[in-house]
Amino acid sequence: MIHRGGRVALVGAGPGDPGLLTVRGRRLLRRAEVVVYDRLVAPALLDLAPRALRIFAGKASGRHALEQDEINRLLVAHARRGRRVVRLKGGDPFVFGRGGEEAAALAAAGIRFEVVPGVSSATAVPAYAGIPVSHRGVASSFAVVTGHECRGAARVDWERLAGAVDTLVILMGLTSLPRIARALAAAGRPPSTPVALIRAGTTPEQATVTGTLADIARRAAAARLEPPVLVVVGDVVALRERLRWFDRRARRRARGPGLSVGGRALAGLEASRR
Ligand SMILES: C[S@@+](CC[C@H](N)C(=O)[O-])C[C@H]1O[C@@H](n2cnc3c(N)ncnc32)[C@H](O)[C@@H]1O
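Let us look at the structure shown here. The structure displayed is predicted, hence computed values, not measured ones.

Another aspect to go through is the overall build of the protein. Counting secondary structure elements, the protein contains ten helices and ten strands. Counting over 274 residues, the protein shows a buried share of 50%. Long-range pairs, those at least 24 residues apart, make up 67% of the contacts in the protein with a sequence separation of at least 6. Carbon together with sulfur atoms contributes 52% to the accessible area of the protein, which is approximately 13,600 Å² in total.

Written out as structure tokens, the structure is:
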């Protein structure tokens, strides 16, 4: 049975910069009566739905304000009351966002829904750090993988991946970084392979640490980066030296020397790879 009236839009909020919301996402937010949102969603986006009931669904690593089942039930319950619900999710809802599970729950309950893709951190965060994930003559393939391999979930085959693609983009990889770097090196990636860690990409808090497979875990520990952090492994990272447009713009605005970040003084984070 299809429930008339209520409906749910799974909307990608983009990676942090509110300007990266899609036009469709903005239109749906303006009409929303209920917005269920995640931790990484830019607060400014909620202002687009001033009259909507706002429900925080949380999801810091390991700490959930609401469990996934509760979120699914909430979406179904509000739609059954005839409301226009926006489920606002960081990046793209179907890229490591459990959006597929939410869509499946809505389909099973007979709720009308749509999916509004978002700008995923997987490509946008490297782009704001000046790293194209593919580049003619440098990288003709890239893969996006999770570094968070929980029990029961399919494991990432690091050995096969190491040789199969040029650029690896790893989401949720900060905690497992030492193990991942060791696995990639053991599988044949040269220890000198460039690596970038980008924190809070596309926001004024953006900060980048660079290094190599051999030393990135040590550099990450020294920089005490906090999530969200995205990891890029591959020769494209070296292009950042020429293409780091966002940092430079922020540095010009802050008029501070030695910054590698969007707004704050974090001199020394960037490892010199020249
Ligand atoms: C649960 S995944 C969700 C990904 C999201 N659906 C997307 O398409 O971007 C969350 C992870 O994405 C990465 N991430 C998301 N936004 C980020 C940002 N602004 N800066 C750095 N990493 C980010 C981090 O690795 C974070 O732990």
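Right, picking up where we left off after that structure.
With that out of the way, let us pick up the packing of aromatic side chains. This model, assessed by the stated rule, comprises four aromatic pairs. Aromatic pair Y128 and W245: ring centres 4.8 Å apart, planes at 65 degrees, arrangement edge-to-face. Pair noted here: Y128 is in helix 5 (residues 121-128) and W245 is in helix 10 (residues 245-254), with a separation of 117 residues, a long-range link. We classify W245 as partly exposed; its relative accessible area is 37%.

One pass over the structure, following the stated rule, counts ten salt bridges. Measuring nitrogen to oxygen at the nearest pair gives 3.1 Å for the salt bridge that ties E102 to K89. Taken together, the residues span a long stretch of sequence, with E102 in helix 4 (residues 99-109) and K89 in strand 4 (residues 84-89) at a distance of 13 residues. Of the charged contacts, one joins R219 and D215 as a salt bridge, the two residues approaching to 3.2 Å between their closest N and O atoms. The partly exposed category is assigned to R219, whose relative accessible area is 27%. Through salt bridges that share partners, D38, R87, K89 and E102 make up one connected network.

In this section: unusual backbone geometry. Backbone torsion omega between P227 and P228 reads 5 degrees, so that peptide bond is classified as cis. Among the structural elements, P228 can be located in the loop between helix 8 (216-223) and strand 10 (229-233). Within the chain, R98 stands out as a residue other than glycine whose phi angle is a positive 60 degrees. Along the polypeptide, R98 turns up in the loop between strand 4 and helix 4.

Read across the open sheet, the five strands follow the order 6-7-10-8-9; overall the sheet is mixed. The sheet is open, and its two borders are formed by strand 6 (142-146) and strand 9 (207-212), each paired with just one other strand. Along the sheet, successive strands turn relative to each other by an average axial angle of 20 degrees, direction set aside. Pairing analysis gives five bridges linking strand 6 to strand 7 (residues 167-171), with the strands arranged parallel. The partner of A143 across the bridge, within strand 7, is L168. Seen against the sheet, helix 8 touches strand 8 (194-199) and strand 9 and runs at an angle of roughly 150 degrees to strand 9.

Criteria and cut-off values
- Every chain begins its residue count from 1, and numbering advances along the sequence as written.
- Given that this is a predicted model, residues contribute local features only at a pLDDT of at least 70 and side-chain atom pairs are listed and counted only at 80 or more, while totals for whole chains, interfaces and linings are drawn from all residues.
- Water and hydrogen atoms were dropped before computing side-chain values, which therefore reflect all heavy atoms in the structure.
- Strands are runs of DSSP state E lasting at least 2 residues, helices are runs of H or I lasting at least 4, and numbering of each runs from the N terminus.
- Burial here depends on accessible area, computed with a 1.4 Å probe over protein chains only, as a share of the maximum for the residue type. Under 20% is buried, over 50% is exposed, and the range in between is partly exposed.
- We call two residues in contact when some of their heavy atoms are within 4.5 Å.
- Per-residue accessibility takes into account occlusion by the displayed protein chains alone, with areas from the Shrake-Rupley method and a 1.4 Å probe.
- The rule is short: rings of Phe, Tyr and Trp, with Trp giving its six-membered ring, pair when the centres are within 6.5 Å, and they are stacked under 30 degrees, edge-to-face over 60, tilted in between.
- We define a salt bridge as a contact between a side-chain nitrogen of Lys or Arg and a carboxyl oxygen of Asp or Glu at a distance within 4 Å.
- A pair of strands counts as paired when DSSP detects no fewer than two bridges linking them.
- As a rule, the C-alpha atoms of each element are fitted with a line to give its axis, helices using only the stretch in contact, and angles between N-to-C directions run from 0 to 180 degrees.

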